[in-house]
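Commentary on secondary and tertiary structure
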Amino acid sequence: MFGIVRPCRHGMCGGMFKDWLGHLCGLCLALRDEHGQAARLATNYDALLVSVLAEAQTDAPTRRRTAGPCALRGFRTAGVVESEGARLAASVSLILAGAKLRDHIADGDGPYRRRLVAATAGRLAGRWSGAGASTAAALSFDPAPLTGAAQAQVELERSGGGALATLTAPTEEAVAAAFAHTAVLTGRPGNREPLERAGRAFGRLAHLLDAVEDLAEDRERGAYNPLLASGTALADARTHCERAQGELREAVHGLELPRPRLATSLLVHETSRAISRTFAETPPSPSPESPPDDHPRKANPGGLISLACAAFSCCTCGLYQPPWEEEDSRCTTCANCGDVCCHLPECCSNCDCCSDCDCCSGCDCCSA
């Protein structure tokens, strides 16, 4: 649910992390204000890229409002984004969340095997999809590519196989439509085509990384996975991911962005880290010769414990992660460049210290 772009405060300079958090909280509050408290559970890290892209195309900073204390911010107030971009991100989040619930129901995942849980989740999925479509209409955004992608994905899964490019195509088109509409909201028609290209590349990358993360579990359960359905090996999947990330980087650099720093950091640098993180955490295919894992990942216990942890993770916008999720990608272990200066408060106070360090790219005082 939370997506592949999940920066931590140790992975980018403080000012950019604060801006990113302003978009995240703006998305969360846009969901609450238009659709109620329960809608905040649909907060999606990847969808907030829509809000970031909208601001990147404006000449002046997007309007902020002061939000009340929140656990995610250490119970401090903060300036959060209030814009049409945040509302579009909320619409996308709701539609994607509704589709995700329907996917869990169709697959009979975990608690969704139970009739009562499935029925309740189905009603919630319907409400979220309808709410997302309502907000989309208010912003003159046609949600058909998103809703159509969900149905197309179901049909592809039922078919049982196909070329990898065919299996990722619905996601690519959905993200392309959402990204491109930010050009409409900001009055920059020249950005529409490169935004569509960026959206297709990001959609492909997100779909593939999600498949890699789920591969071991899907193989064990005999569940659908695009890598298994297309016969794509992990090494080939990484090649596809790196190629998509290259296309994304090229498209982003072709955009007219008066305020590019945060968008470039998230869409270029953070997606590269997402690839490294995902494949580093993915064990190789089991074989009789494979040595035992010295650090086995804790298993998801399922049931009420799993649901409670998932709910708490949602309520903290992903700040809390249960022991069986993302163990190696938390802030305390997210060193990416090997330079200790990048984890000190003075990281960006000395250009000589971090001018060649990726995790400071985009900082005002460091080389971009």
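Structure shown above.
To keep things clear, this report deals only with the structure shown in the data block. (Residues numbered from 1 in each chain as written. Predicted model: local features only at pLDDT ≥ 70, side-chain atom pairs only at ≥ 80, totals over all residues. Heavy atoms only, no water.)

1. Points about the overall build of the protein
For the record, the criterion: Helix and strand assignments follow DSSP, with helices taken as H or I runs no shorter than four residues and strands as E runs no shorter than two, numbered in order from the N terminus. For each residue, the accessible area found with a 1.4 Å probe, counting protein chains only, is set against the maximum for its type, and the residue is called buried under 20%, exposed over 50%, and partly exposed in between. Here, two residues are considered to be in contact whenever any of their heavy atoms come within 4.5 Å of each other.
Along its length, the protein carries twelve helices and two strands. The secondary structure elements of the protein, listed N-terminal to C-terminal, are α-α-β-β-α-α-α-α-α-α-α-α-α-α. In the protein, buried positions account for 47% of the 368 residues. Counting contacts in the protein only where the partners sit at least 6 residues apart, residues at least 24 apart contribute 68% of the total.

2. Let's talk about the pattern of salt bridges
Keep this limit in mind: The term salt bridge refers to a side-chain nitrogen of Lys or Arg lying within 4 Å of a carboxyl oxygen of Asp or Glu.
Taken as a whole and judged by the stated rule, the model has 18 salt bridges. As a salt-bridge pair, Arg 87 and Glu 34 come within 2.5 Å of each other at their nearest N and O atoms. Linking Arg 87 in helix H3 (residues 84–107) with Glu 34 in helix H1 (residues 14–35), this pair joins segments that are 53 residues apart in sequence. Look at Arg 87 and you get partly exposed, because its relative accessible area is 25%. Look at Glu 34 and you get partly exposed, because its relative accessible area is 37%. Here Arg 65 makes a salt bridge to Glu 82, at a shortest N to O gap of 3.7 Å. Of this pair, Arg 65 sits in strand S1 (residues 64–70) while Glu 82 sits in the loop between strand S2 (76–81) and H3, and the two are 17 residues apart along the sequence.

3. Some points on the packing of aromatic side chains
Under the convention used in this document: Only Phe, Tyr and Trp rings are paired, with Trp represented by its six-membered ring, and only when their centres lie within 6.5 Å; those with planes under 30 degrees apart are stacked, over 60 edge-to-face, the remainder tilted.
Using the criterion set out here, one finds three aromatic pairs in the structure. Each ring, one from Phe 179 and one from Phe 202, has its centre 5.9 Å from the other, and the planes form 35°; the classification is tilted. Taken as a pair, Phe 179 in helix H6 (residues 164–186) and Phe 202 in helix H7 (residues 192–221) lie far apart in primary sequence, 23 residues in all. The exposure class assigned to Phe 179 is buried, which follows from its relative accessible area of 2%. Of the residues examined, Phe 202 reaches a relative accessible area of 3% and is grouped as buried. Aromatic ring contacts, followed pair by pair, group Phe 17, Trp 20 and Tyr 45 into a single cluster.

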